[in-house]
Amino acid sequence: MPRALPYLLLLPASLFLLVFFFYPFGLVVVESLTRGGEWTTENFTRMTAHWKFSQAFWNTVWLAAIVVPVQLIMALTMASVVQKLKTGRSGLLYIFAIPLGISDLAAGLIWLAIFEQSGFLNSILHGLGVIDRPQLFLGYQSLWVIFLAVCLAEIWRATAIMMVIIVAGMGLIPKEYNEAAEVFGASRWQRFTKVTLPLLRPSLQTALILRILMAFEVFAVVVALGGTTLPVLMGETFQWQFQLQDRGIAAAYAMVILGLSVAFSLVVLRLLHVPKGARI
Amino acid sequence: MSDLTINAPREKDVARAGKFVFWAGIALLVLWVLVPIWFLFVNALSSPAEVTSFPKRFWPSFDLASLQFFWNFQGVTAALWNSVKVAALTMILSIGMGAPAGYALSRFDFPGKEFFRVLVIMTRAFPLPLLALPLAVMFIRTGLDDTILGLALVHTMLALPFAVLITFSLFSGIPVELEEAAWTLGCNRLQAVIKVVLPLALPGIMASAVFAFVISWNEVFAAAVLTIENRTLTAFLLQSLNVSPLPLKFAGGAALVMPALIFIFAVRKYLFAMWGIANR
C-alpha cells in the first residue's frame with residue numbers, strides 16, 4: 001500500500017491530463033489531416049490558399065517579434081528597479097503585477113477606451129491643440145494604427161507575467177555573487193550583464209516560453225480593437241470554427257499555431273540552455 | 001584610488017542625476033500601468049452620453065447609468081453568474097486534483113516521478129485554449145456541450161499545471177519532520193496531513209485556488225467556442241462586441257477587471273513564491 005500511495009495520489013491528475021490533453025490533441029491532429037473521413041492534406045492547402053492566411057500568419061509573427069523583446073526589456077527594468085528599492089517594494093510590485101489579473105479581452109477594451117473615436121487619445125490631442133476634430137484611429141484605412149494599438153495593449157497586459165517570473169528568479173540568486181563582482185570592481189552594468197543575466201537563464205527561459213506562446217495565441221485584444229480587420233491566426237481559427245463551420249481548416253490553423261509554439265519553445269530552450277552542473 | 005577623490009564632486013552630480021532618473025522611471029512605469037485602467041473606470045462611471053461625447057473629461061462623473069444599462073442588458077446577469085460558477089468549479093477541480101499530485105511529488109521518491117513532473121511542465125508549452133476545438137466535438141457526443149461543467153473541465157486543464165507546481169512548492173516548504181512527529185504521536189498518514197500539513201499549507205492553497213479562479217474568469221477563447229446559451233461574461237462580451245454600444249463594452253470591461261484587481265491583491269504575497277519554484 002505505501003508504495004502505491006504516490007501513484008494513487010497522482011492518478012486523478014494523470015487521468016485528467018490523458019483525457020483532456022493528450023486525447024484532444026490527438027483529435028486535432030487527426031481532424032487537420034482528414035476531410036470527409038479520408039486522409040488528406042486538403043485542409044492545409046485550402047487554408048494556405050485563402051487570402052487571409054498569409055496576412056494572419058505574418059501579423060501574428062510580427063506582433064510577437066515586436067512585442068516580446070520590448071516586454072523582455074521592460075520586465076527586466078521593472079524587476080531591477082524593484083530589487084533596488086528599500087521601501088515601498090511590495091506596493092510597487094502589486095501595481096506592476098496588476099495587469100497579470102486582467103484578461104486579454106478587458107485589456108483590449110481598456111485600450112479601446114483610449115483609441116476609439118471619442119476616446120482619450122483624441123481628447124488629449126484635442127486638448128493640446130494638435131487636432132480640432134476627432135480622428136478615426138481604428139478604421140480599416142489605417143491598419144498600422146490598429147497594429148500599433150494591439151502592440152501597446154499586449155505590452156501593457158502581458159509584461160507583468162514576465163516581470164513576476166523574473167523577480168522570483170532574481171530572488172533565487174545568492175547575493176554573494178553580486179557582492180563578489182562588486183569587490184572585483186565590476187560596474188553596475190557589468191554586474192547585470194555578467195552575473196545577474198546568466199544566472200537568470202532558467203527564469204528567462206520560463207518567461208520567454210510562456211510569453212511567446214501567449215503572443216501566438218493573441219486573440220481577444222485584436223477582436224476588441226479591430227474586429228476582424230486585422231486577421232491573426234487565433235482569430236482565423238475562431239472564424240473557421242464558428243462562422244464558417246469548417247472544423248478541418250480550423251484544426252489546420254490550430255496545427256500552425258501549435259507548430260510555431262513548439263518551434264519557438266525549442267529555440268528558446270536551446271539558446272538559454274543551462275548545463276546541469278551550472279545551476280544554482 | 002586618488003582619481004576617485006578628484007572626481008568626487010562630479011560623481012555626486014552623476015549620482016543625483018541617476019537618482020532623479022531612477023525615480024522618474026518608477027513614476028513613468030506606475031503611470032503606464034495605472035492610467036489605462038483609470039480611463040476604463042472613468043468611462044464605466046460616466047453616463048452613456050458622456051462616454052460617447054467629445055472631448056472627454058478625465059474625471060468620472062460618478063453617474064451609474066452606464067453600469068445600470070450594463071446590469072439590465074439582456075443576458076448580462078446570467079453571464080456573470082455563469083462566469084462565477086465556471087470559475088468556482090475550476091477552482092475546486094484543479095485544487096482537488098492538483099494538491100494530491102503536488103503532495104505526492106514533494107513527499108515521495110518513486111519511479112516515474114520525474115516523468116510526471118516533465119509532463120506537467122510540458123503542457124505549458126502547448127497553446128491550451130486550442131483544446132476547445134476537439135473538445136467541442138467530444139462534448140457534443142457526451143452531452144457536455146454548452147454546459148458549465150464542460151467549460152470548467154477545459155479551464156481546469158489550463159489551471160491544473162499551475163495547481164500541481166504551486167502545491168508542490170508549498171508542500172516542499174513544510175518540513176517532513178512535523179509529519180513524522182505526528183505519526184509518532186499516533187496519527188496515521190491521512191490524519192497527519194489533515195491536522196498538521198493542511199493548516200500550514202492552507203493560505204498558499206487558497207492563493208493557488210484564487211489563481212485558478214482568475215485563470216477561468218479571464219479565459220475568452222475556449223469560453224466563446226464551447227458555450228452558446230450558457231455564455232460566460234467574457235464569451236458574452238466577445239460575441240456582442242460588434243453590436244453592443246460603447247458604454248456597454250466599457251462597463252463590461254470594468255466588471256471583468258474589478259474582481260481580478262481584488263484577487264491579485266489578495267494573493268500578492270504568494271505570486272512570487274509561486275513562480276520562483278515553478279521555474280525549475
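Definitions and cut-offs
- Residues numbered from 1 in each chain as written.
- Chains lettered and ligands numbered in written order.
- Predicted model: local features only at pLDDT ≥ 70, side-chain atom pairs only at ≥ 80, totals over all residues.
- Helix = DSSP H or I, 4+ residues; strand = E, 2+ residues; numbered from the N terminus.
- Buried ≥ 20, exposed ≤ 12 C-beta atoms within 10 Å, placed from the backbone.
- Contact = placed C-beta atoms within 7 Å.
- Core = buried A, V, L, I, M, F, W, Y, C linked by C-beta atoms within 7 Å.
- pLDDT = per-residue confidence, 0-100.
- Domains from an automatic or database assignment.
- Nonpolar A, V, L, I, M, F, W, Y, C, P; charged D, E, K, R; others polar.
- Axes fitted to C-alpha atoms, helices over the stretch in contact; angles between N-to-C directions.
- Left-handed = near helix turned anticlockwise from the far one by under 90°.
- Parallel < 35°, antiparallel > 145°, perpendicular 65-115°, else oblique.

Caption draft 1: Geometry of the overall build of chain B. In terms of helices and strands, chain B carries 14 helices and zero strands. Burial status across chain B gives 44% buried among its 280 residues. For chain B, long-range pairs separated by at least 24 residues make up 73% of all intrachain contacts whose partners lie at least 6 apart in sequence.

Caption draft 2: Expanded view of the overall build of chain A. Looking only at helices and strands, one finds 13 helices and two strands in chain A. Each principal axis of the C-alpha atoms in chain A carries an extent, and together these give about 75 × 70 × 35 Å. In chain A, which comprises 280 residues, the share counted as buried stands at 45%. Contacts in chain A between residues at least 24 apart in sequence constitute 72% of all its contacts with a sequence separation of at least 6.

Caption draft 3: Up close: unusual backbone geometry. Positive phi values are uncommon outside glycine, yet Q245 of chain A reaches one of about 50°. Locating Q245 of chain A in the fold gives a position in the loop between α12 (233-242) and α13 (247-271). For D146 of chain B, which is not glycine, the phi dihedral falls at a positive 60°. Summarising the element assignment, D146 of chain B is placed in the loop between α7 (132-142) and α8 (148-172).

Caption draft 4: The nonpolar core, seen in detail. Within the largest apolar cluster, 173 residues are counted, with the highest numbers of intra-cluster contacts made by L225 of chain A together with A132 of chain B. Contacts of A132 of chain B, omitting those with residues within four sequence positions, involve V154, F221, A222, V225 and L226 of chain B.

Caption draft 5: Representation of the confidence of the model for chain A. Here chain A averages 86 in pLDDT, and 98% of its residues register 70 or above. Mean pLDDT values for the elements of chain A range from 81 in helix α6 (residues 120-127) of chain A up to 91 in helix α3 (residues 51-84) of chain A.

Caption draft 6: Structural context of the domain arrangement of chain B. Residues and elements named next belong to chain B. Segmenting chain B into domains produces domain 1 (2-66) and domain 2 (69-278). Averaged C-alpha coordinates put domain 1 and domain 2 at centres separated by 33 Å. Facing ten residues of domain 1, the contacting portion of domain 2 comprises nine residues. Looking at the side of domain 1 that touches domain 2, the elements that each hand over two or more residues are α2 (8-44), α3 (48-52) and α4 (65-72). With five residues, α2 is the single largest residue contributor to the side of domain 1 that touches domain 2. Each residue belonging to the side of domain 1 that touches domain 2 can be placed in one class, and the counts come to seven nonpolar, three polar and no charged.

Caption draft 7: Structural context of the packing of helix α5 (residues 76-107) of chain B against α8 of chain B. All names here are of chain B. At their nearest, the axes of α5 and α8 sit 6 Å apart, and the two run at 35° to each other. Of the two elements, α5 crosses α8, and the hand of that crossing is right-handed. Split by residue class, the contact of α5 with α8 holds 20 nonpolar, ten polar and two charged.

Caption draft 8: Region of the structure containing the environment of G226 of chain A. Residues and elements named next belong to chain A. Within the secondary structure, G226 is located in helix α11 (residues 220-226). G226 sits 115 residues away from W111 along the chain, and the two C-alpha atoms are 11 Å apart. With near-sequence residues (within four places) excluded, G226 lies in contact with L138 and I146.

Caption draft 9: Geometry of the environment of R201 of chain A. Take R201 of chain A: it is sitting in helix α10 (residues 201-216). Not counting chain neighbours up to four residues away, the residues in contact with R201 of chain A comprise L272 and V274 of chain A.

Caption draft 10: Spatial organisation of the packing of helix α1 (residues 5-33) of chain A against α13 of chain A. All names here are of chain A. The N-to-C vectors of α1 and α13 enclose an angle of 120°; their axes lie 8 Å apart at closest approach. The pairing of α1 with α13 is recorded here as oblique in orientation. Crossing angle aside, the handedness with which α1 passes α13 is left-handed. Contacts between α1 and α13 involve V28, E31 and S32 on the former and, on the latter, R247, G248, A251, A252, A254 and M255. Split into classes, the residues belonging to the contact of α1 with α13 amount to five nonpolar, two polar and two charged.

Caption draft 11: Spotlight on the environment of P231 of chain A. Residue and element names in this part refer to chain A. Mapping P231 onto the fold places it in the loop between α11 and α12. C-alpha of P231 to C-alpha of N59: the two residues are 172 residues apart in sequence and 7.1 Å apart in space. The residues touching P231, leaving out its near neighbours within four places in the chain, are K52, Q55, A56, N59 and E236.

Caption draft 12: Spatial organisation of the confidence of the model for chain B. Summarising the model, chain B shows a mean pLDDT of 83, and 94% of its residues fall at 70 or more. Complex prediction metrics read pTM 0.86 and ipTM 0.84.

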